[in-house]
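Each chain, letter by letter, is given below.
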Amino acid sequence: MNKLRNLLSARRVLECRSIATRITADGKDIPKKKVFENRITLIGSDNSITITDLKSAQSLSTRRELKLVKIQDEDSKTRRPVYKLMTNSEYHEEELSARIEKKAAKENKLIKGNKLITLSSRIAEHDVMTNLKKMMKLLEKNYEVRVVVSGDESQPDKAERIYSIIEKNLKSIGNIVQKRNKGNNLRFQVLPLRDNSNQSKKDSNSGESNDQKGPL
């Protein structure tokens, strides 16, 4: 009776082991391979870097009431996707920045190149208007115009006055970006508006169609 019980117990153990683990022909257990979740690089709200899995990162973001945002599909060195924990304000700021970059990228595809125009803050108003006409022609041809106004320490307001004149006269044809002061110089860029590029295409297309029509 005892022998029968022992045989039944041994059989149950073997059945359990066969379900839980694989066994070789000589009765040795084959250890199961550990299955890891996809690993990610996680940047914390304090800019700390940890290696974890996506499920744990999602749980952490929920506990801390933060947003988990993928900022890179795959890091070139680690081959892992990169995520970041952000507050709501950081997330909205990042989203706005991405929209601006996307818009700038679209505009840059239409820009043929850039031209530099250097002005002195002592320039006469007549010469400012002459340079404005140059800028307008360049913008109409879809060039980015980079402007440098060299200032005068004794009269710093003059550079700002020139900037105001340019801004006022170009607002319907160009978009002024990246205004900054460097030393005594005032620098900024003027990008052609997309409407101008579309209008240029329409004008060129209408010109081609007119040429094809020929005399009546």
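Coordinates for the structure precede this section.
Here is a short report on the structure shown in this document. (Residues numbered from 1 in each chain as written. Predicted model: local features only at pLDDT ≥ 70, side-chain atom pairs only at ≥ 80, totals over all residues. Heavy atoms only, no water.)

## Focus on the pairing of strand E3 (residues 39-43)
Inclusion rule: Type-normalised accessible area, obtained with a 1.4 Å probe on protein chains alone, sets the label of each residue: buried when under 20%, exposed when over 50%, and partly exposed for intermediate values. Helical segments are the DSSP runs of H or I of at least four residues, strand segments are the runs of E of at least two, and each set is numbered from the N terminus. Any two strands with at least two DSSP bridges between them are considered paired.
With respect to burial, E3 is a largely interior element, 4 of its 5 residues being buried. With 5 bridges connecting them, E3 and strand E4 (residues 49-53) associate as antiparallel partners. Paired with Ile43 across the two strands is Ile49, which belongs to E4. From the end of E3 to the start of E4, which pair antiparallel, there are 5 residues, and Asn47 there has a positive phi angle of about 70°.

## Examining helix H4 (residues 125-140)
To keep things clear, this is the line we draw: Expected helix span is taken as 1.5 Å per residue step, with the number of steps being one fewer than the number of residues. Only heavy atoms matter for contacts: two residues are in contact if any of them lie within 4.5 Å across the pair.
Spanning 16 residues, H4 covers 23 Å between terminal C-alpha atoms, matching the ideal 22 Å at 1.5 Å per step. Looking at the buried side of H4, the elements it contacts are strand E7 (113-120), strand E8 (143-150), helix H5 (157-170), strand E9 (174-182) and strand E10 (185-192). Looking one or two places after H4, you find Asn142, whose phi comes out positive at around 65°.

## Topic: the nonpolar core
To keep it simple, the criterion reads: For the purposes of this section, nonpolar cores are sets of buried Ala, Val, Leu, Ile, Met, Phe, Trp, Tyr and Cys residues that join through side-chain atoms within 4.5 Å.
In terms of nonpolar packing, the biggest core is built from 21 residues, with Leu119, Met135, Val145, Val147, Ile166, Leu170 and Phe188 touching the most fellow members. Mapped by element, the contributors of at least two residues to this core are E7, H4, E8, H5 and E10. Here the element with the most residues in this core is H5; it accounts for 6 residues. Among the nonpolar cores identified, the runner-up in size contains 7 residues, and Ile40, Leu42, Leu60 and Tyr83 belong to it.

## Observations concerning the sheet that holds strand E6 (residues 82-86)
Our working definition: Angles shown run from 0 to 180 degrees and are taken between the N-to-C directions of axes, each axis being a line fitted to C-alpha atoms and, for helices, limited to the stretch in contact.
Taken in spatial order, the 4 strands make up an open sheet running E4-E3-E6-E5, and their pairing is mixed. A strand with exactly one partner marks an edge of an open sheet, and here the two such strands are E4 and strand E5 (67-72). Neighbouring strand axes in the sheet, compared pairwise and without regard to direction, differ in orientation by 35° on average. Strand contacts of helix H2 (residues 54-64): E3, E4, E5 and E6, with the helix running at about 115° to E4, the strand carrying the most contacts.

## A word on a negative patch on the surface
In plain terms, the rule: A patch consists of residues exposed above 30% relative accessible area that lack any salt bridge, with like charges linked at up to 9 Å and nonpolar side chains (Val, Leu, Ile, Met, Phe, Trp, Tyr) linked at up to 5 Å. Each accessible area is a Shrake-Rupley estimate made with a 1.4 Å probe; only the visible protein chains count as cover when residues are assessed. Think of a salt bridge as a Lys or Arg side-chain nitrogen and an Asp or Glu carboxyl oxygen that are within 4 Å of each other. Note on charges: Lys and Arg go in the positive column, Asp and Glu in the negative column, and His and the chain ends are not counted at all. Throughout, a charge is located at the NZ atom of Lys, the CZ atom of Arg, the CG atom of Asp or the CD atom of Glu.
Together, Glu90, Glu93, Glu94 and Glu101 make up a negatively charged patch on the protein surface. By the secondary structure assignment, Glu93 is in helix H3 (residues 88-110). According to the relative accessible area criterion, Glu93 is exposed, its value standing at 58%.

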